[in-house]
Amino acid sequence: MPADLLDFEEPIAPLLKEIDALEGQPRTPECQQALEGLSRRVEAARGEIYAKLTPWQRVMVARHNNRPTVLDYVARLFTEFTEISGDRRFADDHAIVAGFALYKGTPVMIVGHHKGGGGDTKQKVYRNFGYAKPEGYRKSLRAMKLAEKFRRPVIAFIDTPAAYPGVESEERGISEAIAYNLREMAALDAPIVVVVHGEGGSGGALGIAIGDRVLMHEFAIYSVIPPEGCAAILWRDANRKVEAAEALKLTAPDLLGFEVIDEIVPEPVGGAHTDHDRAAALLDGPLSRTLEEVSAMDGAVRLEARYRKFRAMGSVGIAEP
Amino acid sequence: MAWFKKARKPMGSATAEKPSRVPEGLWVKCPGCSQILYNKDLEKNLSVCPKCAHHFRISAAERLRVLLDDGHWTEHDPNLVSNDPLRFTDTKRYRDRLRAMEDSTGMKDAVVVAAGRLDGIDVVVAAMEYAFIGGSMGVVVGEKIARAVELALERRQPVIIVSCSGGARMMEGVLSLMQMAKISAALARLDRAGVPFISVLTDPTTGGVTASFAMLGDLNVAEPRALIGFAGPRVIEQTIRQKLPEGFQRSEFLLEHGMLDLVVDRRELKGTLARALRFMGSGAAAVEPPVAAAAVTLPADDAR
């Protein structure tokens, strides 16, 4: 089975193998025809599998090694990207990328987690697997304050397993860094569009995910705790992650139902990891439309709407006295 | 009557290493110094060991009695209940857990919001209840605290949030996570309006509670030796594959690393808060200011 196939995609493996074998042969018309037939069958099989993914399977897709990173989207949708670094306090955190670029000719600020996906182990270590430390959140906020100062919108790309759970994170105040971002982003006088395109890992994700609109990719996940952690605590058995993933309601359709997100961004058949160009093209429409909407709003109106949006999340009942 | 009674194990939290709620027996053994204490004496001492100053965990109601004048307050939104948005079931139905909690604590969720006076100063206090699913924050806790902050803003009265929580409540999933955003957004408005917010962190304060309102106080004040952190100690140990040093993630550790303003003994807490609130311009009318000083104090609007 090819390394980047997930275990539930196994039915596709023999087809891919045949394609591989054919591709090594001289391109006769028959061969070409066979290839096209096989590709269609792969597409159809993928479509079938992806039409009924379980929540746990979605978790696996969201964490796929070839899932597009923030920089993959930047390379395809933005021009003149200039990365900026550092929190001016302690360090530069490579688990979060920040920088300015042009989006359809308009200057925007981009922040986003980067897990080192698609790269080798060295790349992943460099990115700390997307586990951001306090300096990552502080760098992000610094970038967003720049956007506010120069009246530019912010686009935040969310893809992290969690904030880094290590000693130095605690020493340097990971809680404070996230908390402060939550408060300041709520009041940041600049349009903010959030794109949850991979793993929305709890506070580590939320720390840069307050915005006027929250888009979420079809097979992305967004959760208060990873299913493994939830299973370990509530079932006392990390192997019950499949049930936990089910119970946590962490899929894009679930979140749309809860009104935690505003819109689902469609992915290529078989997930964004199968075709980065197509994935970017599918994001382009919703992103530009949304950005235009929130940019057109009056600042005070936008801030009030942002407040109302998060203020309304989750309904409560009233007990009989 | 039993001379010793074991404390019930608090449920549902990874951070509860050892329960330190005051047991209900006549005598109590202090987990700090092993001294045998007469329960009534302990209560009189605000549940702080007179011998070694170990702070026993106290309930939300006891907390309000410690802080508010004459043990008198008006409760807000006591009847809000979870409507189990995820229809969550693990080894037990969440609904059943909630019912069991309601029976054992007499509360509907893990926070009490009260308006009262602290040393004569009108305040809004939200006190979290650890006995209710580890003080975890779901939608009800988020909603009640957000309302408390909005009430404080409307009345221009200081708000004090006493945290005692394992973090976000898993059984309400991503909606629990969003409560962090909800409360922080309300606190942004309070901050911009110049209304004081003091965060009091008690044992334990971890996860999504720490990573939102608990760290956002104009002052962050903690009780001694409280466990305060983002990730639980066990998670960190698994990450770094090492034992954590003694005292890691305790109040004194956070003070040393610049995350807290003060670590205050419970017996001094009320007085400290009152001084802080007076500095912030609250309740200036309650203490008779000398005439000369009155001329340079705050505008009447802030001097309530």
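Each value, and the rule that gives it
- Per chain, residues are indexed from 1 in the order of the written sequence.
- To label them, take the chains in the order written and letter them from A, then take the ligands in the order written and number them from 1.
- Given that this is a predicted model, residues contribute local features only at a pLDDT of at least 70 and side-chain atom pairs are listed and counted only at 80 or more, while totals for whole chains, interfaces and linings are drawn from all residues.
- Note that the side-chain values use all heavy atoms of the structure and ignore hydrogens as well as water.
- Think of it in three bands: residues with accessible area under 20% of the maximum for their type are buried, residues over 50% are exposed, and the middle band is partly exposed, with areas taken using a 1.4 Å probe on protein chains only.
- Secondary structure elements are defined from DSSP: runs of H or I of at least 4 residues count as helices, runs of E of at least 2 residues count as strands, and each element is numbered from the N terminus.
- Crossover handedness is defined by viewing with both strands directed away from the observer: a clockwise path from the first strand over the helix to the second marks the crossover as right-handed.
- Any two strands between which DSSP finds at least two bridges are classified as paired.
- Basic side-chain nitrogens of Lys or Arg form a salt bridge, by our definition, when they fall within 4 Å of a carboxyl oxygen of Asp or Glu.
- Contact between two residues is taken to exist if any of their heavy atoms lie within 4.5 Å; hydrogens are not considered.
- Counted as a polar contact is a pair of N or O atoms within 3.5 Å, where, for protein atoms, one must be capable of donating a hydrogen and the other of accepting one, and residues adjacent in sequence contribute only when both atoms are in side chains.
- Note on residue categories: nonpolar means Ala, Val, Leu, Ile, Met, Phe, Trp, Tyr, Cys or Pro, charged means Asp, Glu, Lys or Arg, and polar means any other residue, Gly included.
- To estimate the expected span of a helix, count its residues, drop one, and scale the result by 1.5 Å.
- Axis geometry follows a simple rule: fit a line to the C-alpha atoms, using only the stretch in contact for helices, then measure angles between N-to-C directions, giving values from 0 to 180 degrees.
- Roughly parallel means an angle under 35 degrees; roughly antiparallel means over 145; roughly perpendicular covers 65 to 115; every other angle is labelled oblique.
- What makes a nonpolar core is a set of buried Ala, Val, Leu, Ile, Met, Phe, Trp, Tyr and Cys residues whose side-chain atoms join them at distances within 4.5 Å.
- The domain boundaries here were taken from an automatic or database domain assignment.
- Once two parts are put together, the accessible area they lose, assessed with a 1.4 Å probe and summed over both, is termed the buried area.
- Using protein atoms alone on a 1 Å grid, points that fit a 1.4 Å probe yet trap it form a cavity, whereas open point sets bounded by protein on both sides within 12 Å along at least five of seven lines form a pocket; residues with an atom within 4 Å of a point count as lining.
- Grid points are joined across faces, edges and corners, and a volume is the space filled by probe spheres set on the points.

A.B. asks: Sorry if this is basic, but what is going on with the pairing of strand E8 (residues 197–206) of chain B here?
C.D. replies: Every regular strand shows the same layout, with side chains that alternate between the two sheet faces. Residues and elements named next belong to chain B. Within E8, nine of the ten residues are buried, leaving the element largely enclosed by the surrounding structure. Remark: the strand E7 (residues 159–165)/helix H5 (residues 173–192)/E8 crossover connection has right-handed handedness. In the sheet, E8 pairs with strand E10 (residues 228–229) via two bridges, with the strands oriented parallel. Each residue of the ladder has a partner; that of Thr205, found in E10, is Ile228.

A.B. asks: Help me understand the pattern of salt bridges, please; the structure alone is not making it clear to me.
C.D. replies: Pairing is possible between side chains that carry opposite charge, provided their charged atoms lie close to one another. Counting across every chain of the model gives 48 salt bridges over all chains. Note that Arg63 of chain A and Glu199 of chain A form a salt bridge whose closest N and O atoms lie 2.9 Å from each other. Of this pair, Arg63 of chain A sits in the loop between helix H3 (55–62) and helix H4 (70–77) while Glu199 of chain A sits in strand E5 (residues 192–201), and the two are 136 residues apart along the sequence. Taking the relative accessible area as the measure of exposure, Glu199 of chain A reaches 7% and is therefore buried. Two residues, Asp191 of chain B and Arg183 of chain A, come together in a salt bridge whose shortest N-O distance is 3.3 Å. Note that Asp191 of chain B is positioned in helix H5 and Arg183 of chain A in helix H8 (residues 174–186), a pairing that runs across two chains. We classify Asp191 of chain B as partly exposed; its relative accessible area is 28%. Of the residues examined, Arg183 of chain A reaches a relative accessible area of 10% and is grouped as buried. Beyond isolated ion pairs, a larger network of salt bridges with shared partners links Arg311 of chain A together with Asp77, Glu143, Arg147, Glu150 and Lys182 of chain B.

A.B. asks: What exactly am I supposed to notice about the environment of Leu77 of chain A here?
C.D. replies: All names here are of chain A. With respect to the helices and strands, the residue Leu77 is situated in helix H4. Put simply, Leu77 and Ala280 are 203 residues apart on the chain and 6.8 Å apart in space, counted from C-alpha to C-alpha. Once residues within four sequence positions are removed from consideration, Leu77 is found in contact with Leu102, Tyr103, Ala280, Leu283 and Asp284.

A.B. asks: Mind showing me how you'd approach the interface of chain A and chain B here?
C.D. replies: Contact residues are listed per partner, giving 52 residues for chain A and 57 residues for chain B. The tally of links between chain A and chain B comes to five salt bridges. One salt bridge in this structure joins Glu143 of chain B and Arg311 of chain A, with 2.9 Å as the shortest N-O distance. Linking chain A to chain B there are 17 residue pairs in polar contact (both at pLDDT 80 or more). Broken down by secondary-structure element, the contributors of at least two residues to the side of chain A that touches chain B are helix H7 (167–171), H8, helix H9 (202–206), strand E7 (221–223), helix H10 (227–235), helix H11 (241–248), helix H14 (299–311) and strand E9 (316–318) of chain A. Class assignment of the residues belonging to the side of chain A that touches chain B gives a composition of 33 nonpolar, nine polar and ten charged.

A.B. asks: Any chance you could explain helix H2 (residues 29–51) of chain A here in plain terms?
C.D. replies: One turn of the α-helix equals 3.6 residues, which is why residues spaced by three or four share an orientation. Between the first and last C-alpha of H2 of chain A there are 33 Å, a value that for 23 residues agrees with the 33 Å anticipated at 1.5 Å per step. On its buried side, H2 of chain A packs onto helix H1 (13–23) and H3 of chain A.

A.B. asks: So what exactly am I meant to see when it comes to the packing of H3 of chain A against H11 of chain A here?
C.D. replies: Packed helices, taken two at a time, are described by the angle their axes make and the gap between the axes. Residues and elements named next belong to chain A. One way to put it is that H3 packs onto H11 with a least axis distance of 7 Å and a crossing angle of 95 degrees. Judged by the angle between their axes, H3 and H11 are roughly perpendicular. For the pair H3 and H11, contact is made by Pro55, Trp56 and Val59 and by Lys241, Val242, Ala245 and Glu246, respectively. Its residues placed into classes, the contact of H3 with H11 shows five nonpolar, no polar and two charged.

A.B. asks: Even after reading the chapter, I still don't get the nonpolar core, so can you show me in this structure?
C.D. replies: Side chains of nonpolar character tend, in soluble globular proteins, to be buried together. Ranked by size, the top nonpolar core spans 163 residues in total, and within it Tyr222 of chain A together with Ile160 and Phe213 of chain B carry the most contacts. For this core, the leading source of residues is H5 of chain B, giving eleven residues. Two domains each provide a minimum of three residues to this core, namely domain 1 (7–52) and domain 2 (59–311) of chain A. Ignoring anything within four residues of it in the chain, the contact list for Tyr222 of chain A reads Val196, Gly200, Ala205, Leu206, Ala209, Met216, Leu250 and Leu255 of chain A together with Val174, Leu177 and Met178 of chain B. One finds Phe157, Val193, Ala280 and Leu291 of chain A within the second-largest nonpolar core, a separate group that totals 23 residues.

A.B. asks: Hey, could you run me through the domain arrangement of chain A in this one?
C.D. replies: It is common to give the size of an interface as the accessible area that goes away when the parts come together. Residues and elements named next belong to chain A. Examined at the domain level, chain A breaks down into domain 1 (7–52) and domain 2 (59–311). One C-alpha centre belongs to domain 1, the other to domain 2; they are set 34 Å apart. In this assembly, seven residues from domain 1 lie in contact with eight residues from domain 2. At the boundary of domain 1 with domain 2, total buried surface from both sides reaches about 580 Å², with 74% on carbon and sulfur atoms. When the buried area of domain 1 at its contact with domain 2 is split by residue, Phe8, Arg46 and Tyr50 rank highest and sum to 71% of it. At the boundary of domain 1 with domain 2, the tally comes to zero salt bridges. Connecting domain 1 to domain 2 are one residue pair in polar contact (both at pLDDT 80 or more).

A.B. asks: How should I be thinking about empty space enclosed by the protein in this particular structure?
C.D. replies: If you roll a probe as big as a water molecule over the atoms, it shows you where there is empty space left. Scanning all chains against the criterion turns up three cavities of 30 Å³ or more. Here the largest cavity is characterised by a volume of approximately 60 Å³. Glu170, Gly173 and Ser175 of chain A together with Gly229 and Leu254 of chain B are, among the 13 residues lining the largest cavity, the residues nearest its centre. Its residues assigned to classes, the lining of the largest cavity comprises seven nonpolar, five polar and one charged.

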